[in-house]
Amino acid sequence: MLKRISLPFSIRWLLPVVLVLLFVAIVFWLPWQARQLESNERQEQLIADTLWVEQSIRFQLGRHEESLRGLANEIAAGHLAPADVQQRMGRMLKNGAELKSVVQVDSKGRIVVASEGTPASPAGDAMLGSAALAAQDHARRTHTPVYAEPEPIGGDAAPDALKMDLLFPIYRGDQWIGSLVATFQLSSLLDEMVPWWFAQDNQISLLDRDDKVLARRSSAGPGHGVYTHKRALDLPGATITLMTDSVKSEPKLLPNLLVGSVIALSLALLWSLFALWGHISRRLAAEGELRQQMTFRTAMENSLVTGLRARDLEGRITYVNPAFCQMVGYPAEELIGRSPPMPYWAPDVMEEYQHRLANVLAGSVTPEFETLFQRPDGTRIPVLVFEAPLVDKEGRHTGYMGSILDISDRKRMEELNRQHQEKLQASARLATMGEIASMLAHELNQPLAAISSYTTGALNILARGGDAGMLKPALEQAGAQAQRAGQIIRSVHEFVKNRESERQDVALQSMLDSILVLIELQARQHHVSLQIEIPELLPLVRADRLLIEQVLLNLTRNGIEAMADVQPLKRVLRVVAENDPLAGMVVVQVIDNGHGIPQDVAERLFSPFFSTKAEGMGMGLNICRTAIEFHGGTLTHRDNPQGGTIFTFTLPVAGGAQ
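My aim in this report is to walk through the structure given alongside it, one point at a time. Each chain carries its own residue numbering, running from 1 in the direction its sequence is written. It should be noted that, the model being predicted, local features are given only for residues of pLDDT at least 70 and side-chain atom pairs only at 80 or more, the latter also being counted only at that level, while totals for whole chains, interfaces and linings use all residues. For the side-chain quantities, the full set of heavy atoms in the structure was used; hydrogens and water were omitted.

### Examining the sheet that holds strand 21 (residues 635-639)
- If you walk across this open sheet you meet the five strands as 17-19-20-22-21, and the pairing is mixed. Every other strand in the sheet has two partners, leaving strand 17 (529-533) and strand 21 as the edge strands with one partner each. Mean inter-strand twist for the sheet, computed between neighbouring axes without regard to direction, equals 15°.
- Paired strands, in this sense, are two strands between which DSSP finds at least two bridges. Secondary structure elements follow DSSP: runs of H or I no shorter than four residues count as helices, runs of E no shorter than two count as strands, and numbering proceeds from the N terminus. Summarising the sheet, strand 17 and strand 19 (residues 572-580) pair through five bridges and their orientation is parallel. Across the sheet, Glu533 pairs through a bridge with Val576, a residue of strand 19.
- Residue contacts follow a heavy-atom distance rule, with two residues in contact if any of their heavy atoms lie within 4.5 Å. Fitted lines through C-alpha atoms give the axes, limited to the stretch in contact for helices. The angle between two N-to-C directions lies from 0 to 180 degrees. Helix 13 (residues 508-525) contacts strand 17, strand 19 and strand 20 (585-591) of the sheet and is inclined by roughly 175° relative to strand 17.
- Relative to strand 22 (residues 645-652), helix 14 (residues 545-562) is tilted by about 170°, and along the sheet it contacts strand 19, strand 20, strand 21 and strand 22.

Next up, the structure:
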């Protein structure tokens, strides 16, 4: 049978007692430790605040030293008159209320210039006290500013009547000519340099080397001597110590400090946890929305066929989208951060790029322009660029955003349209020649028949053995008829041949002469009289010769055909030209006396494929209007008061001539 082992009474209670004592010790130790920590914190805060006040005082005194240095240098250089010196001294007094006076003394201590309000010393007497004289001698020997030991103002030894002088030597070359003396009132120094909140908690004193009070400030009463700190002001020539004595007493040992702290900290911890949880939830939601927006923006930018490019104010690229990279053939990492010149600039338009970049750097940007880009493989692409300023949330201009469109397809369509127009015009010319083919055959038949007759007569003369001199008239007549036929053929060839559009400075009379044979052919067939009224001094026009010839031929042919049903005596076609100096245009009118144009026909007159002729294509007048508008002019029509129609078109004067 096991025996129950029992511990003695003293041993059984020893451990609980120890634990209780330990708990009590901890309970008392923690508040005491908290009080010690608070006491240390107060002392450290006092030291830090004292150091800040000391640095503020020293900084303000340093500002005055710099002001005196500048004034002394200008006095030594002779740049300032006494009135200017006194004015500068007055500004120094306004910048610091602790500065009571500034004077300039000569080498014997006599006043030369003094700030306003400074009491004057008797003539010939020195105004410096013994401490100031000693400081002046020290400053003279060391060539540096020196502070004098504090001394009473006017013999008054009260703390509020103590002053401190700053002696700044003035040297002209190596010659000492005197000093600048700045006088500080120590009590004002504390009043101005010590902030009110610091004076509410502390008693601030300035002490000499013997710890005698020179000046004191205490807004909340004397200090308790519990938290104190001394800090030397480190003034050359003077020994002054800044002492702070807190008005606070030692922290009290509160019995419920620990419990209250634990409860307060627990509640604060729970509130912080809830606040942190809410903040994290809102932040995660915001990050999710931001990621969604970024994903949407990236998808949108990746789907664009329009290139996007952002540049800063110095022309560096800050952003490009995939469409722009695909357009120029360079990846984004090679473009972002790149400064001009850019790798996609075409060499032959480099000057244009540089000029436009200079305008951008100057703050002037072209909102819309066309240019060329070149890919790494040498492929050149025409682009249309739209640029607008980039402005940040504060309204500052930070750069430019450009939208770039590849207009290669548009350029190809424009070229195809141009070629189509040329083919259409050529077809219209061929159609016109088809309509006058019968007249052309009739007109060529006459010179060819005449040539045949003259050559037959010449052969008969030769067969009869006649005189050779009789052959000359016949051969001359045959040659003239051959030239006439050749001129007709050349006119037709020049009119129907296809060639590139080319503008030049040309006379209207010259263009009319080129097609006059064809116009006369039609006029003779319809028994129409032709009247040309073109002034000799009519200026040249800037035009494509072949297009304007086609316009003239179409309009005259329409006028001739419009008079087919009128009396022969009234069949007169007039071509009249005049200069309009104000508009810078030459005005041409084709006037017929025909049947006129009905109102319902006039509304559709220039429409494509509309014609009043059974065999017509309906493209003549439409092509004429297109050709005139291509030159920057207009083509219109109106009724002729004498019967018929007047077609009027304008062409720009060449080179701005009037």
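### Some details on the pattern of salt bridges
- For this document, the term salt bridge refers to a Lys or Arg side-chain nitrogen within 4 Å of an Asp or Glu carboxyl oxygen. Applying the stated criterion across every chain, the model contains 22 salt bridges.
- Ionic pairing is found between Glu387 and Arg311, a salt bridge with its closest N-O pair at 2.8 Å. Here the residue Glu387 occupies a position in strand 14 (residues 380-391), and Arg311 occupies one in strand 11 (residues 307-312), the gap between them amounting to 76 residues.
- Only protein chains enter the accessibility calculation, which uses a 1.4 Å probe. A residue is then buried if its area is under 20% of the maximum for its type, exposed if over 50%, and partly exposed in between. By relative accessible area, Glu387 is classed as buried at 7%.
- On the accessibility criterion, Arg311 (10% relative accessible area) is buried.

### Considering helix 13
- Between its terminal C-alpha atoms helix 13 stretches 25 Å, which fits the 26 Å expected from 18 residues at 1.5 Å a residue.
- Bend is the name given here to the angle between axes fitted to two runs of seven residues, the run ending at a residue and the run starting at it. Along helix 13, the largest kink reaches about 55° and is centred on Ile515.
- If you check which residues of helix 13 are buried, you get Leu508, Met511, Leu512, Ile515, Val517, Leu518, Ile519, Leu521, Gln522 and Ala523.
- Positioned one or two residues after helix 13, His527 has a phi angle of 55°, which is positive. A helix's residues, less one, multiplied by 1.5 Å, set its expected span.

### Focus on the nonpolar core
- Within the largest apolar cluster, 42 residues are counted, with the highest numbers of intra-cluster contacts made by Leu68, Val102, Tyr147, Leu180, Phe184, Leu206 and Ile240.
- Looking at this core element by element, the count peaks at nine residues for helix 1 (residues 9-77). To form a nonpolar core, buried Ala, Val, Leu, Ile, Met, Phe, Trp, Tyr and Cys residues must be joined to one another through side-chain atoms within 4.5 Å.

### Quick notes on unusual backbone geometry
- The amide bond that connects Pro340 to the next residue, Pro341, takes the cis arrangement and shows omega of 5°.
- Positive phi is not limited to glycine here, since His143 has a value of about 60°.
- Turning to its location among the elements, His143 is positioned in the loop between helix 3 (130-142) and strand 3 (146-147).
- The partly exposed category is assigned to His143, whose relative accessible area is 47%.
- At His527, a residue that is not glycine, the phi angle is positive and equals roughly 55°.
- For His527, the position within the fold is in the loop between helix 13 and strand 17.

### Section: the environment of Val586
- Structurally, Val586 can be placed in strand 20.
- When its relative accessible area of 1% is taken as the criterion, Val586 is described as buried.
- When sequence neighbours within four positions are dropped, the list of residues in contact with Val586 reads Leu538, Pro539, Val541, Glu578, Asn579, Phe649, Thr650, Leu651 and Val653.

### Brief notes about the packing of aromatic side chains
- Only rings of Phe, Tyr and Trp enter the pairing, Trp through its six-membered ring, and a pair is recorded when the two centres are within 6.5 Å. The plane angle decides the type: under 30 degrees is stacked, over 60 is edge-to-face, the rest tilted. This model, assessed by the stated rule, comprises six aromatic pairs.
- Each member of the aromatic cluster is reached from another via a ring pair, and the members are Trp52, Trp197 and Phe198.
- Charge over a ring is defined by NZ of Lys or CZ of Arg lying within 6 Å of the ring centre and within 35 degrees of the ring normal. Arg140 extends its terminal NZ or CZ atom over the ring of Trp176, reaching a point 5.8 Å from the ring centre.

### As for the pairing of strand 5 (residues 162-172)
- In terms of burial, strand 5 is largely enclosed, as ten of its eleven residues are buried.
- Note that strand 3 and strand 5 share two bridges and pair antiparallel. The residue of strand 5 that forms the bridge with Tyr147 is Leu166.
- Bridge analysis of strand 4 (residues 151-152) against strand 5 gives two bridges, and the strand direction is antiparallel. Looking at strand 5, one finds that Pro152 is bridged to Leu162.
- As paired elements, strand 5 and strand 6 (residues 175-185) share ten bridges and run antiparallel to each other. For Arg172, the partnering residue across the bridge sits in strand 6 and is Gln175.
- In this structure, the hairpin formed by strand 5 and strand 6 is closed by a connection of two residues, where Gly173 is found at a positive phi of approximately 75°.

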